[in-house]
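Structural description and commentary
What follows is the residue order along each chain.
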Amino acid sequence: MASLWRQLLPFLCLHWFIVTAFASSSLNQIPKHYVVYMGSTSSNINAANREDVEVAESAHLQLLSSIIPSGESERISLIHHYKHAFKGFSAMLTDEEASLLSEHDEVVSVFPDPILKLQTTRSWDFLEAEATKSSTSTYWSSTIHKYHNQSSDIIIGVIDTGIWPESASFNDHGMSEIPSKWKGVCTESSDFKKSNCNRKLIGARVYVKAAGSATASVRDNVGHGTHTASTAAGAYVPNASYFGLAGGTARGGSPHSRIAAYKACPTEACSGAAVLKAIDDAIHDGVDVISISIGLDPRLDYLTDPMAIGAFHAEQKGIPVVCSAGNEGPGPFTVLSTAPWIFTIGASTIDRDFQSTVLLGNGESIRGTAINLSKLSRSMRIPLAYGKNIAVNSTVLSEARRCQPGSMNPEKVVGKIPVCILSKQIDTKKVMQSIANNINAEDKGIDPRLLKGLIMVNDDEQIWPGFTSGTFPYVEVGRRAGVQIIKYINSNKNPTATILPTVTVPTHKPAPVVAYFSSRGPGLLTENILKPDVTAPGVGILAAIVPKPEEEYGGGIPAGKKPSSYGLYSGTSMACPHVSGVVAIIKSVRPKWSPSMIKSALMTTATVYDNTGGRIKNTSRNYANLHEMGAGEVSPLRALNPGLVFTTSTTDYLRFLCFFGYPEKQILKVSKTKFNCPRKSTEKLISNINYPSISVSKLDRRGAVRTVIRTATNVGSPNATYMSTVNAPSGLSVKVFPEKLVFVEGVERLSFKVSFYSKQASSGYNFGSITWSDNQHSVRMVFAVDVE
């Protein structure tokens with residue numbers, strides 16, 4: 001009891017002050033969902049110290065009661081209670097109440113609950129084939145089948161939209177008993193029973209209810225979480241396809257690993273407070289890897305971003321957190337999840353494409369990109385309608401050109417295939433739906449299903465199979481093909497065309513290519529950490545989905561067919577679980593490696609070459625730079641034996657927070673460790689933390705040399721000598737000292753300096769690399785330097 005009073009005392013002492021201040025404040029503010037983050041716990045709370053949990057919860061309730069008026073006692077409750085790796089809670093607060101709480105000594109930050117967005121047969125074979133092909137060692141070929149079986153004790157926590165447990169990807173055939181370290185639960189509901197969990201899907205938690213649901217359920221009603229979970233760790237499923245497309249054996253990257261599903265997103269919008277709670281529970285439950293294919297506003301700083309907060313504490317517990325980079329490309333400063341303790345993943349293509357052919361009435365054949373199950377045949381000829389030519393009136397020609405709502409004459413659209421021009425990549429599904437809505441609005445007697453198809457002309461030539469249209473005839477073509485189609489329309493009185501169903505194109509080249517939509521660096525908050533870290537397959541990925549026809553727009557599924565259990569999705573959401581699966585494999589083979597060692601291994605062994613032997617390009621056919629692809633495309637097998645790694649410690653991360661500008665007092669609450677900020681803390685010193693890549697912002701060509709330091713840890717042969725090679729752009733002077741690292745018995749860590757001098761360099765970002773080689777390993781550290 002004395003322990004209880006000691007812990008409650010700071011909150012009770014605060015009570016009088018807050019009540020006095022509150023009496024003169026406005027009471028008319030509308031309460032909103034706020035997160036109150038209170039830093040690290042002293043120790044990991046579990047069932048053995050339930051009294052501590054109850055004390056903490058009582059203290060938080062007492063704190064709320066001290067600022068919430070007695071007449072609103074229903075708000076004195078915790079929506080989420082963070083109690084395992086870090087402390088805090090979320091509750092309904094007014095802005096003024098939140099402001100009062102932020103002044104409390106125990107509080108690190110108080111912020112409104114942010115809304116986050118959701119952001120496989122061939123892909124895994126492609127990654128492994130490329131790694132094997134480029135290796136001279138037989139180690140890889142012998143490892144390629146063996147390493148999957150070593151991960152049965154690895155648990156991947158997937159924070160997403162839930163899971164569809166009946167999928168064959170989650171069967172537990174041949175799996176051993178659940179590891180004894182597992183402390184999680186399988187949450188029941190009316191449509192999800194404990195029996196839905198098994199030795200593959202070992203845990204399931206839910207934090208939010210879907211709209212219209214009486215109770216919260218872990219069951220996935222969106223499909224996103226099922227797709228990402230099966231991509232990371234789905235079991236082997238032969239003869240999987242999307243109605244014949246992308247056929248083959250579906251499997252996750254770590255097919256023998258376990259899955260724990262944490263449903264924080266009932267729809268495509270996710271509560272940040274719920275995501276933070278899911279991370280806290282996942283840490284307590286005993287997961288080994290956390291996979292989050294969710295995006296958040298890049299403007300949120302590191303102590304008001306729930307993913308950054310949760311990931312920091314997970315990393316402290318030795319749990320890697322892998323996140324998607326976002327789908328806001330190709331512009332700069334769009335990358336998400338830029339905290340250095342997060343593994344940030346961009347998206348790329350694989351050597352498989354999906355093509356659909358447009359046959360014009362004059363016999364010309366045009367190839368486009370699509371995922372459609374069109375029922376049209378070569379003999380069918382459907383009238384074409386260029387949006388600009390069927391405008392409601394002359395004042396909306398530009399809008400009609402893009403097939404915008406309200407701009408087209410509905411009588412001239414129905415029964416035809418509209419041709420729309422897009423100046424940038426947008427959500428094709430929304431465009432199609434807006435056309436149908438436009439028809440409904442203009443003439444309620446016209447059935448939108450009478451629309452016979454849709455041709456999208458991408459004015460930027462950036463086409464990719466990013467949308468699944470079901471039986472609705474849809475195709476996307478590039479600018480040159482679009483000009484050809486429009487020229488045909490304008491030169492014929494009755495232009496016609498047909499759109500043929502999609503076919504799979506195997507052994508497509510070049511691949512990988514950085515996806516058009518993949519968000520780019522540099523990071524908005526700081527340019528001195530290079531993001532994204534790497535890229536992985538994220539275009540046209542086949543994985544398990546929720547089998548329901550409603551997910552398809554247009555004609556739904558082919559007549560006589562059952563809903564598909566596997567679907568083709570694109571996004572950095574799909575790239576993220578690829579890396580999560582790889583991380584699980586590395587963690588099973590190298591159990592003593594820290595999260596930063598695993599990240600380093602994957603970054604320094606990543607490839608920058610495609611399957612033609614040339615450098616990886618973007619969809620504009622230009623060489624991809626480091627802000628587009630990070631260190632390159634992950635190479636799973638090579639990462640098992642990287643030679644050297646760059647370990648980023650908790651101290652590095654705390655110094656990063658100092659350099660970023662957070663007060664030392666605030667940082668101490670976050671870490672609960674003995675630590676002092678360096679006397680000199682400036683943002684440019686962020687470049688000095690021991691990260692596996694280097695980024696230097698604002699290098700003045702008239703200024704002095706900028707020098708950064710890195711420390712390499714030898715994880716290969718105890719006696720090894722590494723020589724450095726610099727690949728730098730013309731005009732940028734880059735020197736490494738010493739040029740040689742000699743590791744002997746008892747010496748595992750050696751440091752080196754890299755100096756940058758920019759007098760002759762081009763303005764803007766200059767990209768290059770430093771490679772350390774011992775004739776067995778090639779350790780490539782990339783750098784980005786912004787010259788002013």
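In what follows, the structure referred to is the one given above.
Residues numbered from 1 in each chain as written. Predicted model: local features only at pLDDT ≥ 70, side-chain atom pairs only at ≥ 80, totals over all residues. Heavy atoms only, no water.

**Brief notes about the environment of Thr682**
The cut-off we apply is this: Helical segments are the DSSP runs of H or I of at least four residues, strand segments are the runs of E of at least two, and each set is numbered from the N terminus. The classification of residues rests on relative accessible area computed with a 1.4 Å probe and restricted to protein chains. Under 20% of the type maximum is buried, over 50% is exposed, and intermediate values are partly exposed.
Here Thr682 is to be found in the loop between α17 (664–671) and β30 (694–699). For Thr682, a relative accessible area of 28% translates into the label partly exposed. For the pair formed by Thr682 and Gly661, sequence separation is 21 residues and the distance between their alpha carbons is 7.4 Å.

**Some details on the side chain of Arg258**
To keep it simple, the criterion reads: The charge count includes Lys and Arg as positive and Asp and Glu as negative, but it does not include His or the ends of the chains. The salt bridge criterion pairs a side-chain nitrogen of Lys or Arg with a carboxyl oxygen of Asp or Glu, the two atoms within 4 Å. In protein, a polar contact requires one atom able to donate a hydrogen and another able to accept it; more generally it is a pair of N or O atoms within 3.5 Å, and residues adjacent in sequence count only if both atoms are side-chain atoms. It only takes one pair of heavy atoms within 4.5 Å for two residues to be counted as in contact.
Looking at the element boundaries, Arg258 is found in strand β10 (residues 258–263). Here Arg258 occupies a buried position and makes no salt bridge, while the nearest side chain of opposite charge, Asp153, is found at 4.6 Å. Only 2.6 Å separates the side chain of Arg258 from the backbone oxygen of Ser152, close enough to count as a polar contact. At 2.7 Å, the side chain of Arg258 and the backbone oxygen of Arg199 are in polar contact. Beyond its immediate sequence surroundings of up to four residues, Arg258 is in contact with Ser152, Ile154, Ile155, Ile156, Met175, Ser176, Glu177, Ile178, Pro179, Arg199, Lys200 and Ile202.

**Things to note about the sheet that holds strand β32 (residues 720–727)**
Going by this rule: Strands are labelled as partners when DSSP assigns at least two bridges between them. Axis lines are fitted through C-alpha atoms, for helices just across the contact stretch, and the angle between N-to-C directions can take any value from 0 to 180 degrees.
Judged by pairing direction, the sheet is mixed, and its 5 strands sit side by side in the order β30-β37-β36-β32-β34 without closing on themselves. Each edge of the sheet is formed by a strand with only one pairing partner; in this case those strands are β30 and β34 (740–743). Strand-to-strand twist across the sheet, computed as the mean angle between neighbouring axes with direction ignored, equals 20°. Inspection of the sheet shows β32 paired to β34 by 4 bridges, in the antiparallel sense.

**Notes on helix α8 (residues 306–316)**
Among the 11 residues of α8, 10 are classified as buried, and the element is accordingly described as predominantly covered. Capping the start of α8 is the job of one residue whose side-chain oxygen sits 2.9 Å from the backbone nitrogen of Met307: Asp305. Gly318 lies just past α8 and shows a positive phi near 85°.

**Side note on the pattern of salt bridges**
According to the stated counting rule, one finds 14 salt bridges in the structure shown. Residue Glu106 pairs with Lys87 through a salt bridge whose shortest N-O separation is 3.9 Å. With Glu106 in the loop between α3 (95–102) and β4 (109–112) and Lys87 in strand β3 (residues 86–93), this pair connects stretches of sequence that are 19 residues apart. Residue classification places Glu106 among the partly exposed positions, given a relative accessible area of 32%. Note that Asp281 and Lys277 form a salt bridge whose closest N and O atoms lie 3.5 Å from each other. Of this pair, Asp281 and Lys277 both sit in helix α7 (residues 272–285), 4 residues apart, roughly one helical turn.

**Comments concerning the environment of Lys548**
Relative to the helices and strands, Lys548 resides in the loop between β26 (541–544) and β27 (566–569). Considered as a pair, Lys548 and Asn221 are 327 residues apart in the sequence and their alpha carbons are 9.3 Å apart. With near-sequence residues (within four places) excluded, Lys548 lies in contact with Asn221 and Pro563. At a separation of 2.7 Å, a polar atom in the side chain of Lys548 contacts the main-chain carbonyl oxygen of Asn221.

**Concerning helix α12 (residues 479–490)**
Our working rule: Expected span of a helix: the number of residues minus one, times 1.5 Å. The directions considered for the arc run from the helix axis to the C-beta atoms.
For α12, built from 12 residues, the straight-helix expectation of 16 Å at 1.5 Å per residue is met to within 8% by its first-to-last C-alpha distance of 16 Å. Among all positions of α12, only Ala481, Gly482, Ile485, Ile486, Tyr488 and Ile489 are buried. All buried residues of α12 fall inside an arc of 155° around its axis, so they share one side. In this structure, α12 carries Arg480, Val483, Lys487 and Asn490 as exposed residues pointing more than 90 degrees from its buried face.

**Concerning the nonpolar core**
Side chains that are nonpolar tend, in soluble globular proteins, to be buried together. The condition that has to hold: Within this scheme, the nonpolar core is defined by two criteria: the residues are buried Ala, Val, Leu, Ile, Met, Phe, Trp, Tyr or Cys, and they are joined through side-chain atoms within 4.5 Å.
The biggest cluster of nonpolar side chains holds 121 residues, and the ones touching the most others in it are Ile159, Ile290, Ile294, Trp341, Val579 and Leu602. The contacts of Val579, once residues within four sequence positions are left out, are Val322, Phe343, Ile345, Val534, Ala536, Leu602 and Val634. Among the nonpolar cores identified, the runner-up in size contains 38 residues, and Ala370, Leu384, Val457 and Phe472 belong to it.

**So, the sheet that holds strand β35 (residues 749–757)**
As summarised here, the arrangement of the 4 strands in space is β29-β31-β35-β33, forming an open sheet in which the pairing is antiparallel. Two strands close off the open sheet at either side, each with one partner strand: β29 (644–645) and β33 (733–737). Two elements, β29 and strand β31 (residues 706–714), share 2 bridges in a ladder whose sense is antiparallel. Across the sheet, Val645 pairs through a bridge with Thr713, a residue of β31.

**Comments concerning the state of the cysteines**
Rule in force here: The definition used for a disulfide is geometric: two cysteine sulfur atoms within 2.5 Å.
For the structure on display, the rule yields 3 disulfides. The disulfide partner of Cys186 is Cys197, and the S-S distance across this bridge is 2.0 Å. Measuring handedness by torsion sign, the sulfur bridge of Cys186 and Cys197 sits at about 85° and is right-handed. Of this pair, Cys186 sits in the loop between β6 (155–160) and β7 (201–206) while Cys197 sits in the loop between β6 and β7; the two residues are 11 residues apart in sequence, bridging distant segments of the chain. Each member of the pair, Cys186 as well as Cys197, carries the same accessibility label: buried. Between Cys658 and Cys677 runs a disulfide, and the two sulfur atoms are separated by 1.9 Å. Here the disulfide of Cys658 and Cys677 is left-handed, its torsion about the S-S bond being about -80°. Pair noted here: Cys658 is in helix α16 (residues 650–660) and Cys677 is in the loop between α17 and β30, with a separation of 19 residues, a long-range link. Judged by its relative accessible area of 17%, Cys677 is buried. Cys576 supplies the cysteine sulfur nearest to Cys323, a cysteine that is in no disulfide, at a spacing of 6.1 Å. Note on Cys576: relative accessible area 0%, which makes it buried.

**Digging into the packing of helix α6 (residues 224–233) against helix α13 (residues 572–589)**
Selection criterion: Take the far helix as the reference: if the near one is turned anticlockwise from it by less than a right angle, the crossing is left-handed, and if turned clockwise, right-handed. For this classification, Asp, Glu, Lys and Arg are treated as charged, while Ala, Val, Leu, Ile, Met, Phe, Trp, Tyr, Cys and Pro are nonpolar and the rest, including Gly, are polar.
Where α6 meets α13, the closest approach of the two axes is 7 Å, and the angle between their N-to-C directions is 35°. In terms of crossing hand, the pair formed by α6 and α13 is right-handed. Note on element contacts: α13 touches α6 through Ser573, Met574, Pro577, His578, Ser580 and Gly581, opposite His224, His227, Thr228, Thr231 and Ala232. Taken together, the residues that form the contact of α6 with α13 break down as 3 nonpolar, 8 polar and no charged.

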